Amino acid sequence: MSHESLWQEVATYYLPTSMRWSRDGKNRQSMLRGVKTLDDTPAWAAGRFAAAMLGMIMNPSQKWLEFQMYTDTMDLSYEDKLWLEELRDKVLHVFQSPEVGFYDSMHEHLLDYVIFGESVMLISRDPKTKMPRFTPYPLEQSYVGLGPDRKPDTVFRKYEMTAEAIKETFPNAIPDKVQRAIEANNGLTTFTVIHGVFPRSFGIAGGFDHNKPFASIYYMEDGKHLLKESGFDNFPFSVPRFMLFASEEHGQGPGTLSLANVRTLNSIIKTTLTSDQSKAAPAYLAQRRGWMKPLDFSPRKVNYFDGFDLDKAIMAIGNEGTPSAGKDWVEMYQEQIIRAFYLDRLIAAQKAAEVKEIEALLNEEERMRDLIPQLSRLHAESISRIVLNTALICAEEMPPPPPTIGENSIKIRYLSPLARAQKMLEVTNANRTIQQIVLPLAQVEPSAVQTIDFYKFTNWTLDQAGFPTDTRVSEEEFRQKQAAAQQQQQIAQGLEAAQGASEIAKNFSQAQAAAPTINPLEGIL
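Fair warning: this is a prediction, and the values are worked out from it, not measured in the lab. In this convention, every chain numbers its residues from 1, walking through the sequence in written order. Where local features are concerned, this predicted model is filtered to residues with pLDDT of at least 70; where side-chain atom pairs are given and counted, the filter is 80 or more; whole-chain, interface and lining totals use all residues. Heavy atoms from the whole structure form the basis of all side-chain values; hydrogens and water molecules are not counted.

Q: Could you give an account of the overall build of the chain, naming the residues involved and the relevant values?
A: Regarding its fold elements, the chain presents 17 helices and 13 strands. Counting over 525 residues, the chain shows a buried share of 38%. Pairs at least 24 apart in sequence give 65% of the contacts found in the chain among residues at least 6 apart. Using a 1.4 Å probe, the Shrake-Rupley method yields the accessible areas, and only the shown protein chains count as cover for residues. Total accessible area on the chain stands at roughly 30,700 Å², and carbon and sulfur atoms take up 54% of it. Secondary structure elements are taken from DSSP: a helix is a run of H or I of four residues or more, a strand is a run of E of two residues or more, and numbering for both begins at the N terminus. Only protein chains enter the accessibility calculation, which uses a 1.4 Å probe. A residue is then buried if its area is under 20% of the maximum for its type, exposed if over 50%, and partly exposed in between. In what follows, a contact means two residues having at least one pair of non-hydrogen atoms within 4.5 Å.

Q: Lay out the sheet that holds strand β2 (residues 120-125) in plain terms, naming residues and giving numbers.
A: The strand order across the open sheet built from three strands is β3-β2-β9, with neighbouring strands paired in antiparallel fashion. Each edge of the open sheet carries a strand with a single partner, namely β3 (132-137) and β9 (237-238). Packed on one face of the sheet, helix α5 (residues 102-116) meets β2, β3 and β9 and runs near 25 degrees to β3. The rule for pairing is simple: two strands pair if DSSP sees at least two bridges between them. For helices, the fitted line uses only the C-alpha atoms of the stretch in contact; every axis is such a line through C-alpha atoms, and the angle between N-to-C directions lies from 0 to 180 degrees.

Q: Talk me through the sheet that holds strand β5 (residues 152-162); I want residue IDs and the actual numbers.
A: A sheet is described by the order of its strands in space; here five strands give the open sequence β4-β5-β6-β7-β8, paired in antiparallel fashion. Unpaired on one side and paired on the other, β4 (142-146) and β8 (226-232) mark the two borders of the sheet. Strand-to-strand twist of the sheet, defined as the mean angle between neighbouring strand axes without regard to direction, takes the value 15 degrees. Relative to strand β7 (residues 214-220), strand β6 (residues 190-199) runs antiparallel, the two sharing seven bridges. Paired with V193 across the strands is M220, a residue of β7.

Q: Before we move on, could you go through the nonpolar core and cite the residues and values that matter?
A: Nonpolar cores were defined as sets of buried Ala, Val, Leu, Ile, Met, Phe, Trp, Tyr and Cys residues, with membership established by side-chain atoms within 4.5 Å. Counting residues in hydrophobic clusters, the biggest one holds 72 residues, and the most contacted among them are M53 and F95. Residues in contact with M53, not counting those within four places in the same chain, are L110, Y113, V114, F242, L371, L375 and L378.

Q: Break down the pairing of β5 for me, citing the residues and quoting the values.
A: As judged from the five bridges shared by β4 and β5, these two strands associate in the antiparallel manner. Residue pairing across strands places Y143 opposite F156, the latter belonging to β5. Between β4 and β5, which follow one another and run antiparallel, lie five residues, and R150 among them has a positive phi close to 65 degrees. Relative to β6, β5 is paired through eight bridges, and the arrangement is antiparallel. In the sheet register, M161 faces β6, and the bridge partner there is F191.

Q: Go over helix α9 (residues 259-280) with me, naming the residues and quoting the values.
A: Over its 22 residues, α9 runs 32 Å from end to end, which matches the ideal 32 Å to within 8%, given 1.5 Å per residue. Taken as a whole, α9 has its buried residues at L259, V262, L265, N266, I268, I269, T272 and S278. By this rule the span expected of a helix is its residue count minus one, scaled by 1.5 Å.

Q: With reference to specific residues and values, describe the environment of N186.
A: Along the polypeptide, N186 turns up in the loop between α7 (176-183) and β6. Counting along the chain gives 23 residues from N186 to A163, while the straight-line C-alpha distance between them is 7.7 Å. If near-sequence neighbours (up to four positions away) are discounted, N186 is found in contact with A163 and A181.

Q: Pulling in residues and values, what's your account of the packing of helix α1 (residues 3-14) against α9?
A: α9 packs onto α1 with a crossing angle of 50 degrees between their chain directions and a minimal axis gap of 11 Å. As summarised for this structure, α1 and α9 are arranged oblique, according to the angle between their axes. In this structure, α1 meets α9 at a crossing whose hand is left-handed. Across the interface between the two elements, L6, E9, V10, Y13 and Y14 from α1 touch L259, V262, R263 and N266 from α9. Basically, the charged four are Asp, Glu, Lys and Arg, the nonpolar ten are Ala, Val, Leu, Ile, Met, Phe, Trp, Tyr, Cys and Pro, and anything else, Gly included, counts as polar. Of the residues belonging to the contact of α1 with α9, the class tally is six nonpolar, one polar and two charged. Here the angle decides the label: under 35 degrees means roughly parallel, over 145 means roughly antiparallel, 65 to 115 means roughly perpendicular, and every other value means oblique. The hand of a helix crossing depends on one turn: near helix anticlockwise from the far one by less than a right angle means left-handed, and clockwise means right-handed.

In structure tokens, the structure reads:
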């Protein structure tokens with residue numbers, strides 16, 4: 001079975017109300033003939049898993065990403081950290097903006113990802129709002145190509161556009177046949193358009209649209225009329241694949257991997273319903289001379305046979321089964337489908353009683369460990385591309401980066417909930433070390449405290465806690481304030497010492513004035 005035929009059948013069970021894979025209406029009619037979805041467990045499990053995955057990796061209530069440079073974070077200057085944090089906050093603000101609709105698009109993107117094992121989404125800049133735009137591509141319209149590293153680097157999309165839409169989208173390159181359709185008031189006539197994005201061998205990052213590393217071309221299928229040519233500095237698509245086999249290029253997802261269980265589930269339900277119907281309204285055998293036609297087991301249908309037994313003049317047939325026996329099989333296969341989407345852990349966690357925060361994080365991390373290969377590939381093929389392309393668009397609306405950032409590449413670090421909890425655990429351990437080891441040593445040897453740079457330690461603690469950089473002072477400003485404070489302390493100590501000496505001199509002079517005059521010759525003469 002080809003991957004497209006597989007996706008067609010999967011869509012029938014998991015997206016029963018969708019018109020997916022309808023390139024040819026006749027093919028869809030033949031595909032659906034005799035195939036009916038009798039249980040909504042597959043569609044429910046896929047939707048639930050996509051939503052849970054979105055909340056787990058991109059929780060809008062948390063700062064789930066941070067930008068770093070390919071150098072030690074502690075080497076970053078105060079201005080570098082400010083710029084990177086401003087960029088991160090701007091990217092997260094774009095993701096949460098209702099005008100952009102990122103989370104809606106991402107859920108649609110992940111739904112294809114978990115059902116078919118592969119999905120496609122374009123990250124581009126909206127020419128009107130100048131903000132990032134996220135456009136999930138229907139999988140049945142997309143064709144993905146891989147580079148030498150077996151990672152997606154080419155996407156072609158074949159889709160229909162009306163004449164009016166072509167005129168509005170490509171006003172400078174309207175084909176003659178499109179113009180004629182509009183002039184004939186046939187603006188709703190559809191034409192096939194192909195959009196291709198692929199790497200250029202001579203591309204230059206930051207160059208003109210026609211010289212960028214990735215070409216972007218729109219053209220008409222009929223006549224190959226060029227509608228638009230531009231380019232991208234980075235591959236502008238998120239093309240995650242849930243699970244890969246060494247011999248395959250396309251991904252496999254829980255939807256495709258559990259297809260056998262879905263087929264069996266539908267067959268069992270169909271058999272059980274037929275058995276229930278036969279039990280409630282069986283067919284009958286009635287006596288008469290000769291057979292009229294073959295047996296018909298339709299409900300309440302009467303079949304005649306040759307017989308003279310008055311005790312069995314009419315009797316039910318086909319109702320000997322036990323319908324309740326199929327219910328256990330139905331529940332078993334429903335449970336297998338739920339487990340295929342890792343929902344058994346999710347449901348168990350939600351049904352559990354109130355747990356401590358760290359226990360909840362550990363439970364979530366355990367669920368994530370089951371998906372380590374998938375999450376790693378999702379980060380490489382989807383999350384990092386989404387964040388990087390969004391950041392490049394947002395950076396155009398920001399002040400220029402500091403020179404140190406301009407000379408180095410930025411890397412994206414994904415922060416899971418447990419990773420954030422582990423950061424705070426490191427802070428707790430460091431504070432405990434200072435209280436239980438460093439401070440007791442300082443009572444014996446005061447210079448032990450001088451081995452720790454408390455400015456850097458405090459700054460590291462605030463970084464681990466996600467404390468904003470703009471609420472802190474730079475190291476240079478801190479050192480200046482520290483030197484000024486030390487100077488003021490020395491002046492105060494000098495004044496205090498001078499005041500003490502003056503007080504001693506004053507007391508001494510007063511004592512001399514109050515003492516009686518003694519004649520050393522008195523008593524001798």
